[in-house]
Amino acid sequence: MIALSNFRLLHSSEVKKFLLMIILIFLISSAPENYLLSSLYNNDTTINSPIVLWKYKISMGLLVFPLNMDDIDGDGELEVLAPIGLDLFILSGKDGDIEWHFYEDGGIETSVTTGDVNGDAEKEIVFIAGIRLYVYNGRDKLLLWNYSAFETSGMIATPTLGDVEGDGQTEIVFGTDEGNVYCLNGEDGSLLWNYTVSGEVVSSPALGDVDGDGRL
Ligand SMILES: [Ca+2]
Ligand SMILES: [Ca+2]
Ligand SMILES: [Ca+2]
Ligand SMILES: [Ca+2]
């Protein structure tokens, strides 16, 4: 079973480029209170001797949620989407420069999901911070909408994108530590449905056609 968003990404040119470049990202502890985020680049497929392309020093906080990369602004170059401490940083994959920074009371609570959620052929970035889910346009970082249905912060599961309604439009599905699973209309953030489970939701939803009827 594979999320629709992941299925699309596996076939995208950006990800093929990503695989060819063999970029490794990892966290290095340089001191008890400081960490370095390093992007390693190797262009001859020999991963035994990676070359440090750039480093980004984390002055405070820890990298809690996984990094990912995508060309969110459509300029042909990958960005690094890095939740660090309470903040979200979007760094240039090329040189590590900060392209965008986001902070909200309560702090970022998930990794960042990317994809075209409103059908305009441009990618959005989707994440949860504080008590809200945010959708920003990836090109100019303008807020499309946010959704607040949570009583407290503490969501720990990254949202998943997919056309769960089968209407050609993308939905956003995510769970919370209050035990609710939400499905939002990607275009405007309106609630399509929610479902309460008996306990905290601690993982991202996986979307797939498990009953073979041609629909997620
Ligand atoms: Ca880019
Ligand atoms: Ca879009
Ligand atoms: Ca849909
Ligand atoms: Ca199905």
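This structure is a prediction, so every number in the text was calculated from the model and none was measured.

## Comments concerning the overall build of the protein chain
Each helix and strand counted, the protein chain has two helices and 15 strands in total. With 216 residues in all, the protein chain has 32% of them scored as buried. By sequence separation, contacts in the protein chain at least 24 residues apart represent 41% of the contacts at least 6 residues apart.

## Overview of the pairing of strand β5 (residues 79–84)
Extensive coverage of β5 is indicated by the burial of six of its six residues. Inspection of the sheet shows strand β4 (residues 68–70) paired to β5 by three bridges, in the antiparallel sense. Looking at the pairing, methionine 69 lines up with valine 80 of β5. Across six bridges, β5 lies against strand β6 (residues 87–92) in antiparallel orientation.

## Digging into the confidence of the model for the protein chain
For the protein chain, per-residue confidence averages 79 on the pLDDT scale, and residues scoring 70 or more make up 71% of the total. Put simply, helix α1 (residues 4–10) is where the protein chain has its lowest mean pLDDT, 40, and strand β8 (residues 113–115) is where it has its highest, 97. For residues 1–11, every residue scores under 50 in pLDDT, and the model assigns this stretch 21 contacts once sequence neighbours within four places are set aside. Note that residues 15–36 has pLDDT below 50 and, in this model, 33 contacts with residues that lie over four places away or in other chains.

## A few points about the nonpolar core
If you look at the biggest cluster of nonpolar residues, it comprises 35 residues, and the most contacted ones within it are Leu81, Ile125, Val126, Phe127, Ile172 and Phe174. For this core, the secondary-structure elements that each account for two or more residues are β5, β6, β9 (124–129), β10 (132–137), β13 (171–175) and β14 (180–185). In terms of residues, this core owes the most to one element, β9, which gives five residues.

## Remarks on the sheet that holds β14
An order of β12-β13-β14-β15 is seen for the four strands of this open sheet, with the pairing classed as antiparallel. Both edges of this open sheet fall to β12 (160–162) and β15 (191–196), since each of them pairs with a single strand only. On average, each strand axis in the sheet is inclined to that of its neighbour by 20°, with strand direction left out of account. Summarising the sheet, β14 and β15 pair through five bridges and their orientation is antiparallel. Its bridge partner lying in β15, valine 181 is registered against tyrosine 195.

## A closer look at the environment of phenylalanine 174
By the element assignment, phenylalanine 174 lies in strand β13. Along the primary structure phenylalanine 174 and proline 205 are separated by 31 residues, whereas in three dimensions their C-alpha atoms are 6.2 Å apart. Excluding residues within four positions of it along the chain, phenylalanine 174 makes contact with Ile128, Leu133, Ala157, Pro159, Thr160, Tyr182 and Pro205.

## Regarding the environment of valine 126
Here valine 126 is to be found in strand β9. For valine 126, a count of 28 C-beta atoms within 10 Å corresponds to the buried category. Between the C-alpha atoms of valine 126 and threonine 158, which are 32 residues apart in sequence, the distance is 8.7 Å.

Definitions and limits used
Every chain's residues receive numbers from 1 upward, in the order its sequence appears when written. Labels are handed out in written order, letters beginning with A for the chains and numbers beginning with 1 for the ligands. Note on the predicted model: pLDDT of at least 70 is required for a residue's local features to be given, and 80 or more for side-chain atom pairs to be given and counted; whole-chain, interface and lining totals, by contrast, use all residues. Counting from the N terminus, the helices are DSSP H or I runs at least four residues long and the strands are E runs at least two residues long. Partly exposed residues are those whose C-beta has more than 12 but fewer than 20 other C-beta atoms within 10 Å; with 20 or more the residue is buried, with 12 or fewer it is exposed, and the C-beta atoms are placed from the backbone. Once C-beta atoms have been placed from the backbone, residue pairs whose C-beta atoms lie within 7 Å are recorded as contacts. Pairing between strands is defined by DSSP: at least two bridges between the two strands are required. One confidence number per residue, pLDDT, is output by the predictor and ranges from 0 to 100. Joining buried Ala, Val, Leu, Ile, Met, Phe, Trp, Tyr and Cys residues through C-beta atoms within 7 Å gives a set, and that set is a nonpolar core. Helix axes are fitted to C-alpha atoms over the stretch in contact, other axes to C-alpha atoms as well, and angles between N-to-C directions run from 0 to 180 degrees.

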